[in-house]
Each structure stands twice: as C-alpha cells, then as structure tokens.
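# Descriptive structure summary
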Amino acid sequence: MQRMSGLSGPRWSVDDVAYDRVDRRAIADDLDWFYLIAASSFVEILSDLYARNLGEYYAGDDEVCAWLAHKWGPEEIQHGEALKRYVLTVWPDFDWQRGFDGFRADYAPYCQTALLGPTRALEMAARCVVETGTSSFYAMVRDASPEPVLAQVAGAIRDDEIGHYKGFYRFYRAYQRREPHSRWRVAREIWRRVAEVDSEDAYLAVKNVSLVHRSQTVFTRDDFRTFRNRVRGWMRLHYPFRPAVKMLLRPLDLPASFERLTVPLIVGGARRIV
Ligand SMILES: [Fe+2]
Ligand SMILES: [Fe+2]
C-alpha cells in the first residue's frame, strides 16, 4: 500500500486494498470472523464521536487538537471504512447500516467528554492503553487471518495504531513534564483502563451485529461470553502478549532492571487471563 507521511491524513487509502482479490471461500463460512470484523468496523467508524470528545477535552492545546483532527481521527475512521468494505465484500447480505445505527444509539451515551480522564496527562496515558489494545488486536488478526486480503488490511491498521500509540505517548510525556504525576498514580490509571478494555463497546458492537444478522430481538451478556470463549482459544495463540505488556508499562518509565523482572511475570498472568 502506498505510504505518505506528515500530518496530511491517512498514510494509505481504502482504494489501495484489493477487495476484488478477496478469497471469499477462505473465510465466508466462518461466522466468528464475520462477528469480529463487523463489530470492529462499528467501533472504528464511531471515531468521529471519540475525536470530538477528545478535541473538546484538549481544547486550547493546538498541537494535540491538530493531530487529533488531521491524523488520528481520519485514520480511525478509515479503519472502519476499510473493515466495513471487507465485511460487505465477503458477507454482502449483511445490513451493515442497520447494525451500525443500533450500535451508535446504544453506545453514544458512553461517549461523553465528562467521562474522560481526571487530568490531561492521565487521559494521554489512558489513550496509550487503548492503542496498545487496538494494535495488539490487529496484529493478532493479521497473523491469524485465514484470508490474505484481511491480513493485509489488518497489518496496515496495526501499523497506524502503533503510530497512534507513539503520538499519544509523546503528548503524555509533554504533559507529565508540565503537570507531573507519580508512577503510582499513572499505574492506577493504566490499571483502571485495562480493566475497562473489556467493557461496553465490544459487547454492544457484537450485540448489534448479532441482532441484525440473526434477526433476533435479544442478545444477552451470556451470549457475548459464549462468543468470547469461542474465539479465546485462537486469540491466545496469536496475541502479542510480550510487546503489549511492554507498551502498557512504558508510561511508568520503570528502571530497566525492574522491567526485566516484571514483564515475564505480567505476560504470564495476561496469558492466563486472556
Ligand atoms: Fe483504529
Ligand atoms: Fe488508534
């Protein structure tokens, strides 16, 4: 895919993706993939809402706002567009718009500027947690995908998410210099966000894919747990635990010797949890 640099928006385009070469037979019958990719497309496309909230939260910081508006936001929305087009290429009967409308209505109340971090530095640390989660997720999709075009799209998205992590981390460092927080305080914020990663957005996205796909009226948390348990097996095989843990700990700026000791322990714990 073509790459461009700078603040001039996404580094690749949905039009670069060879959707006409998708090998439908390799993936179309696997509904777990359908649920995973359709749900991800919902969450990504809703980035216009998250971008607006973050823009309000960081109002006055022109560098952050310009990066959010011209780089981060358009790239996240493009992730959603690329995945949406993939879904409609492989599963053309899916009423994507109806599912997305349901998700937007369900999830919008959770997207409020007032719910963002207690300080600007801590919100940047929290954003690093989110981008650790997304970059790890797409690395896993890239490596586990049974279909090459999906692997290519996931790889391009993963690279963007790593870029987002680096951007938020840079801003985090700048805020920490201006309004320092103790390592302990940052660790608490990181932990709070890690515990939240499994919260509403994934459940509501999968729920709304399912409601439309199966023409159901209810989708319970037990249904979600059943889905999650099913995909857990292969996720555990492909999840990049070690890089993810290192990214999570990076804002704590731990001494190298301490990090060498803790990373293997946390990776072991994370493997068991996932
Ligand atoms: Fe994304
Ligand atoms: Fe991102």
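Scoring rules and cut-offs
Residues numbered from 1 in each chain as written. Chains lettered and ligands numbered in written order. Predicted model: local features only at pLDDT ≥ 70, side-chain atom pairs only at ≥ 80, totals over all residues. Heavy atoms only, no water. Helix = DSSP H or I, 4+ residues; strand = E, 2+ residues; numbered from the N terminus. Rg over C-alpha atoms; globule rule 2.2 N^0.38 Å. Buried < 20%, exposed > 50% of the residue type's maximum accessible area, 1.4 Å probe, protein only. Contact = heavy atoms within 4.5 Å. Donors = N, O, S within 2.8 Å, 3.2 Å for Na, K, Ca; no water. Phe/Tyr/Trp six-rings, centres within 6.5 Å; stacked < 30°, edge-to-face > 60°. Lys NZ or Arg CZ within 6 Å of the ring centre and 35° of its normal. pLDDT = per-residue confidence, 0-100. Salt bridge = Lys/Arg side-chain N within 4 Å of Asp/Glu carboxyl O. Core = buried A, V, L, I, M, F, W, Y, C linked by side-chain atoms within 4.5 Å. Expected span 1.5 Å × (residues − 1). Polar contact = N/O pair within 3.5 Å; in protein donor to acceptor, adjacent residues only side chain to side chain.

### With respect to the overall build of the protein
Scanning the protein from terminus to terminus reveals 11 helices and zero strands. Ordered by position in the sequence, the α and β elements of the protein form the string α-α-α-α-α-α-α-α-α-α-α. Computed over the C-alpha atoms, the radius of gyration of the protein is 19 Å, within 12% of the 19 Å expected from 2.2 N^0.38 for a compact globule of 274 residues. For the protein, the spread of C-alpha atoms along the three principal axes comes to 50 × 40 × 40 Å. Among the 274 residues that make up the protein, the fraction classed as buried is 50%. Contacts spanning at least 24 positions in sequence make up 81% of the contacts within the protein whose residues lie at least 6 apart.

### A closer look at the coordination of the iron ion (ligand 1)
Protein ligation of the iron ion (ligand 1) involves Glu44 (OE), Glu44 (OE), Glu76 (OE), His79 (ND1) and Glu161 (OE), the donor distances falling in the range 2.0 to 2.5 Å. Sequence spacing among the residues donating to the iron ion (ligand 1) works out to E-x31-E-x2-H-x81-E. In this model, the iron ion (ligand 1) sits 3.9 Å from the iron ion (ligand 2), the two metals being bridged by Glu76. Of this pair, Glu44 sits in helix H1 (residues 31-45) while Glu161 is found in helix H6 (residues 148-178), placing the two residues 117 residues apart along the sequence. The class of Glu44 is buried, set by a relative accessible area of 5%.

### Things to note about the side chain of His164
Among the secondary structure elements, His164 is positioned in helix H6. Residue classification places His164 among the buried residues on the basis of a relative accessible area of 1%. Apart from residues lying up to four places away in sequence, His164 is in contact with Trp67, Trp72, Glu75, Glu76, His79 and Glu131.

### Some details on unusual backbone geometry
Residues apart from glycine generally show negative phi values, whereas peptide bonds are mostly found in trans. Of note, Asp253 is a non-glycine position whose phi angle comes to about 55 degrees, a positive value. Tracing the chain through its elements places Asp253 in the loop between helix H10 (241-249) and helix H11 (256-273).

### Quick word on the coordination of the iron ion (ligand 2)
Summarising the metal site, the iron ion (ligand 2) is bound by the protein donors Glu76 (OE), Glu131 (OE), Glu131 (OE), Glu161 (OE) and His164 (ND1), whose distances to it range over 1.9 to 2.8 Å. Each donor residue of the iron ion (ligand 2) lies on one chain, and together they are spaced E-x54-E-x29-E-x2-H.

### Describing the packing of aromatic side chains
On inspection of all chains with the given rule, the structure shows 24 aromatic pairs. Measuring from ring centre to ring centre gives 5.7 Å for Tyr203 and Phe224, while their planes differ by 75 degrees; the resulting arrangement is edge-to-face. A residue pair is termed long-range when its members are at least 10 positions apart, and Tyr203 in helix H8 (residues 200-213) and Phe224 in helix H9 (residues 221-238) qualify at 21 residues. We classify Tyr203 as buried; its relative accessible area is 9%. Ring pairing ties together the aromatic residues Phe34, Tyr35, Phe42, Tyr50, Trp91, Phe94, Trp96, Phe100, Phe103, Tyr107, Tyr110 and Phe227, which thus form one cluster. Sitting over the ring of Phe171, Arg170 keeps its end group 4.9 Å from the ring centre.

### So, the environment of Asp201
Along the polypeptide, Asp201 turns up in helix H8. Taking the C-alpha atoms as reference points, Asp201 and Glu189, 12 residues apart in sequence, are found 19 Å from one another. Setting aside its immediate chain neighbours within four residues, Asp201 contacts Val43, Phe103 and Tyr107.

### Considering the confidence of the model for the protein
Looking at the protein as a whole, the pLDDT averages 90, with 94% of positions reaching at least 70. The element-level mean pLDDT for the protein is lowest in H11, coming to 74, with H6 highest at 97.

### Topic: the pattern of salt bridges
Between side chains of opposite charge, a pair can form as their charged atoms come close. With the rule as written, the count across this model stands at 18 salt bridges. A salt bridge links Arg158 to Asp159; the nearest nitrogen and oxygen atoms lie 3.1 Å apart. Asp159 sits in the partly exposed class, given a relative accessible area of 30%. For the salt bridge of Arg192 with Glu189, the shortest nitrogen-to-oxygen distance reads 2.9 Å.

### Notes on the nonpolar core
The tendency in soluble globular proteins is for nonpolar side chains to be buried as a group. The biggest cluster of nonpolar side chains holds 89 residues, and the ones touching the most others in it are Trp33, Tyr86, Trp91, Phe94 and Phe103. Residues in contact with Phe94, not counting those within four places in the same chain, are Phe34, Ala38, Phe42, Val87, Leu88, Val209, Val212 and His213.

### A word on H6
With 31 residues, H6 should reach 45 Å at 1.5 Å per residue; the first-to-last C-alpha distance of 46 Å fits that figure. Capping the start of H6, Glu147 holds a side-chain oxygen 3.0 Å from the backbone nitrogen of Val149, two or three residues further along.

### Some points on the side chain of Ser41
Assignment of secondary structure puts Ser41 in helix H1. A distance of 2.9 Å separates the side chain of Ser41 from the side chain of Trp96, its partner in a polar contact. Not counting residues within four places of it along the chain, the set of residues in contact with Ser41 comprises Gly80, Leu83, Lys84 and Trp96.

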